[in-house]
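Single-letter residue listing:
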Amino acid sequence: MTKEKDPITDQEALAYHFEGKPGKLSILPTKPLMTQRDLSLGYSPGVAVPCLEIHKDPAKAYDYTARGNFVAVISNGTAVLGLGNLGALASKPVMEGKAILFKRFADIDAIDIEVDTRDVDQFVDCVRLLGPSWGGINLEDIAAPECFIIEQRLREIMDIPVFHDDQHGTAIITAAGLINAAHLTGRKFKDIKVVVLGAGSAGIACLELIKRMGVKHENALLVDKTGVIYEGRTEGMNQWKSAHAVKTKKRTLAEAMEGADMFMGLSSKNAVTKEMVRSMARSPIIFAMANPDPEITPEEVREVRQDAIIATGRSDYPNQVNNVMGFPYIFRGALDCRASQINEEMKIAAAEAIAALAREDVPEEVSAAYAGRQMEYGPDYIIPAPFDPRLMTTVPVAVAQAAMATGVARKPITDIAGYKKVLAARRDPTANSMQHIFDKVRENPQRMIFAEGEEEKIIRCAVQWRDNGYGKPILVGRVERIRELMKKMCVHEYQNIEIANAAVSEHVDAYIDHLYPRLQRQGYLYRDVARMVKNDRNIFASCMLALGHGDALITGITRNYTVSLENICRVIDTRSDEFLFGVTIIVAKGRTLFCADTTVQELPTPEQLAQIAIKTAHGARRLGHEPRVALLSYSTFGNPKREKSERIRDAVKALEALNPDFEFDGEMAANVALNKEMMSLYPFCRLSGPANVLVMPALHSAHISSHLLQELGDGVTIGPVTMGLTKPAQIVQMNASISEIMNLAAIAAMHAINEQESKVAKLPRGRKAKG
């Protein structure tokens, strides 16, 4: 396993937070605000009515306000990441980041609150007085021992969940891993001898939780920088350490490790030696969770103990202890049953649910994303992958059930099966799927050709491609110009970024010889083709791709889509028996839409519309969506019946003849396709819910509507994704952001990986693909 790469530069991090709207959060209204009547309902005088209802019954706040899905992420900045006491204001980027994780993983709205005080009483009073605003409180980055006092006092005086993730989030994921590690090694919690290195908030929380789950007090040794915490020790002690002091003659970490079944590290790099690991019991369990570098690396452990089960806090090793598997889903379950607190039983339920998930068969989309890893329950898979979509439908259910069983749920959930469906609907599979795509590309690095290599935005993408481990970027352009721009952009690391310049490339003649036979009967002389290869970067880059000098191609920010596609198609063929079309993916307002064809076919035939529907539906399914396809028109099921809509009705008949394995219907207007109430007016409609695949009747309507949604909506657009080429080339829009370029580059790389895997699968047994 190689050392984890630094995924970003300082400049990239600052640009991410600065570009567009500064920061990472904004507030969007959930009710219409178009008319005076809307304003009168949303504010005065209409707002007085729910105020009076809440005054009579405070529980009504959950019905008439956003409180039930609203969490505050609160810090005073005294322990920001591994950076120490930066203060309240400097902690704001972290708290905003935590807030977007709540939204991304559990569809919880969150707001960051930075409290500028180190005084415990002031902090507690501030949060207590603001408490009615939220349904839950996530404490973050507060130094020990103040964090223990603050959390305990807030839990005692508030009737909503209060949860310090630095403590309990780590503890829950660690406990989940320990459940499975103990199972695999034939151990019971009551017999496990544990050494915990690190007596801060996370270390003590981990120890308290596993004791609650059965580890005996006398079998657990807590170690800090001074040594073992034993009864009678006075140096560097406080009440939280004293609670875990035991009778023992052991004084050092090395002595504590002798014969131990488990090591749990929440301290610092290189704190554990191979000799310490060698002295542990059979099949030792080693959770070295210091970040970014563990107390001892898995490679070092393997040198002395092949029988060990190892977990770290890093994504480039198996068994990553990642809090994102816990806190979003724990709060989701707590909010949905209106729990008054997150108690120990709820934490244990979360740990057990996460552990149980690791023992189940891994979904295909998850295992595909982590190619090369053993995604099957065993020593290298005791904790689920952080982006496993099943977390959303398992952990909140377990937490809510524990809340109900312990009497802290004020709104018990009676229909668990229905609740799971609601949770599944909250999850955005597209976001998960894009992460899986990036993960698979990292596992299978690809040579990405960036055709417009002299653009600053493209250079930044190339640096990201390299630094994230996605493969080697190839910038097409002049060496001196690109180096000059890199220097201006403070990019000083040139290694593993290739620059391909047509003026000096040794492959130019081969590219010309490849292209000339394709164009010689289209009015081009040899010298015309030579000029194209040498002067047109899209032509040159496409030739690189065609002759195998790169794995995938991205272009488009300096030329419009049509021109770019025409140039690419001069070099790269369309798949046999197929045609080109484009799919634009739009993620907005809690839903994902796949719109096609948005780029190529001006007036598709019924047969083409049927094929567009099938291929787009299959693409949606690969991204985790069960397709519901609507073939759009200005008319709905024959009303009004016009000649122009006949083509759409014929496309529906063509689909019926092909008997696809997904829901489809048409012709229908867009509002019927997307609005459940409108759709209910047509009880014969074959769609079980609003459509997520929209097949457009013609290019003009598709192009206009997709760009309107992109410009006026407040969502994310991926694409258009070009379908039908024999080689993985994608074209971004001219105003594409770095994120949009990277998304489309990853999709192109994924196509390349699929082609490579397909070729290997077709080889006779016993043979391997070259190189």
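Residues numbered from 1 in each chain as written. Predicted model: local features only at pLDDT ≥ 70, side-chain atom pairs only at ≥ 80, totals over all residues. Heavy atoms only, no water.

Description of the nonpolar core
Put simply, the test is: In these notes, a set of buried Ala, Val, Leu, Ile, Met, Phe, Trp, Tyr and Cys residues joined through side-chain atoms within 4.5 Å is what counts as a nonpolar core. When accessible area is computed with a 1.4 Å probe and restricted to protein chains, residues below 20% of their type maximum are described as buried, those above 50% as exposed, and intermediate ones as partly exposed.
One finds Ile-74, Ile-137, Leu-139, Ile-172 and Met-346 to be the most contacted residues of the largest nonpolar core, which totals 103 residues. One finds Ala-552, Ile-554, Ala-596 and Ala-749 within the second-largest nonpolar core, a separate group that totals 66 residues.

Brief notes about the pairing of strand β2 (residues 109-114)
Rule in force here: Strand pairing requires that DSSP identify at least two bridges connecting the strands. Strands are runs of DSSP state E lasting at least two residues, helices are runs of H or I lasting at least four, and both sets are numbered from the N terminus onward. Handedness of a crossover is defined as follows: orient the strands so they point away from the viewer, and if the path from the first strand over the helix to the second runs clockwise, the crossover is right-handed.
Judged from the six bridges that link them, strand β1 (residues 70-75) and β2 form a sheet pairing that is parallel. Bridged to Val-71 within β2 is Ala-110. The parallel pair β1 and β2 is bridged by helix α5 (residues 92-106), and the resulting crossover is right-handed.

Quick look at helix α7 (residues 146-157)
Our working definition: Working rule for helices: expected span equals 1.5 Å times residues minus one. Whether two residues are in contact is decided by their heavy atoms: any pair within 4.5 Å suffices.
Compared with an ideal rise of 1.5 Å per residue, which puts 12 residues at 16 Å, α7 spans 17 Å between its outermost C-alpha atoms and is within 8% of the ideal. Among the residues of α7, Cys-147, Phe-148, Ile-150, Glu-151 and Leu-154 are the ones counted as buried. For α7, the elements touching its buried residues are α6 (120-130), β3 (136-139), β4 (162-164), α8 (165-184), α9 (201-212) and α10 (239-242).

Comments concerning the confidence of the model for the chain
The criterion, for reference: Values of pLDDT, the confidence the predictor places in each residue, fall between 0 and 100.
In this model, the chain carries a mean pLDDT of 90, and residues with pLDDT of at least 70 account for 95%. With pLDDT under 50 throughout, residues 1-6 is counted as low confidence; its partners more than four residues away or in other chains account for 16 contacts.

A closer look at unusual backbone geometry
Following Ala-596, the chain continues into Asp-597 via a peptide bond in cis, with omega recorded as -10 degrees. Within the secondary structure layout, Asp-597 lies in the loop between β16 (591-596) and α26 (606-622). A cis amide bond links Gly-666 with the next residue in sequence, Glu-667, at an omega value of -5 degrees. Residue placement: Glu-667 occurs in strand β18 (residues 663-668). Positive phi, normally seen in glycine, also occurs at Asn-319, with a value near 60 degrees. The phi dihedral of Arg-338 falls on the positive side, at around 50 degrees, and the residue is not glycine. Within the secondary structure layout, Arg-338 lies in the loop between α14 (327-336) and α15 (344-359).

Things to note about the sheet that holds strand β8 (residues 262-265)
Which entries qualify depends on this criterion: Under this scheme, a helix contributes an axis fitted over its contacting stretch, all axes are lines through C-alpha atoms, and angles between N-to-C directions fall in the 0 to 180 degree range.
Sheet architecture is open: six strands sit in the order β7-β6-β5-β8-β9-β10, paired in mixed fashion. Edge positions in the sheet fall to β7 (227-228) and β10 (309-312), since each of these pairs with one other strand and no more. Where β8 meets strand β9 (residues 285-288), four bridges bridge the pair, whose relative direction is parallel. Looking across to β9, one finds that Phe-263 is bridged to Ile-286. Contacting β8, β9 and β10, α8 runs over the sheet at an angle of about 160 degrees to β9. Where α9 meets the sheet, it contacts β5 (194-197), β6 (220-224) and β8, and its direction lies at approximately 175 degrees from that of β6.

Overview of the sheet that holds β2
With parallel pairing, the four strands of this open sheet are ordered in space as β2-β1-β3-β4. The open sheet has two edge strands with one neighbour each: β2 and β4. Looking at each pair of strands side by side, their axes are set apart by 25 degrees on average, direction ignored. In terms of strand pairing, β1 meets β3 through four bridges, oriented parallel. Across the sheet, residue Ile-74 finds its bridge partner in β3, namely Leu-139. Strand contacts of α5: β1, β2 and β3, with the helix running at about 165 degrees to β2, the strand carrying the most contacts.

Section: the pattern of salt bridges
Pairing between side chains becomes possible if they bear opposite charge and their charged atoms approach one another. Note the threshold: Each reported salt bridge corresponds to a side-chain nitrogen of Lys or Arg within 4 Å of a carboxyl oxygen of Asp or Glu.
Under the definition given, this model contains 45 salt bridges. Of the charged contacts, one joins Glu-344 and Lys-347 as a salt bridge, the two residues approaching to 2.8 Å between their closest N and O atoms. Of this pair, Glu-344 and Lys-347 are both found in helix α15, three residues apart, which corresponds to roughly one turn of the helix. Judged by its relative accessible area of 21%, Glu-344 is partly exposed. As a salt-bridge pair, Arg-442 and Asp-439 come within 3.3 Å of each other at their nearest N and O atoms. Of this pair, Arg-442 and Asp-439 both sit in helix α19 (residues 429-443), three residues apart, which is roughly one turn of the helix. Accessibility expressed as a relative area gives 36% for Arg-442, which makes it partly exposed. Through salt bridges with shared partners, one network takes in Lys-92, Glu-96, Asp-112 and Glu-114.

Describing the packing of α5 against α14
Formally: Any angle between 65 and 115 degrees counts as roughly perpendicular, while under 35 counts as roughly parallel, over 145 as roughly antiparallel, and the rest as oblique. By definition, turning the near helix anticlockwise from the far helix through less than a right angle yields a left-handed crossing, and turning it clockwise yields a right-handed one. Here the term charged refers only to Asp, Glu, Lys and Arg, the term nonpolar to Ala, Val, Leu, Ile, Met, Phe, Trp, Tyr, Cys and Pro, and the term polar to all other amino acids, Gly among them.
The interhelical angle for the contact between α5 and α14, taken along N-to-C directions, is 70 degrees, at an axis separation of 9 Å. The orientation of α5 relative to α14 falls into the category roughly perpendicular. Of the two possible hands of crossing, α5 and α14 adopt the one that is right-handed. Residue-level contacts link Lys-98, Leu-101, Phe-102, Phe-105 and Ala-106 of α5 to Phe-327, Pro-328, Tyr-329, Phe-331 and Arg-332 of α14. Class assignment of the residues belonging to the contact of α5 with α14 gives a composition of eight nonpolar, no polar and two charged.

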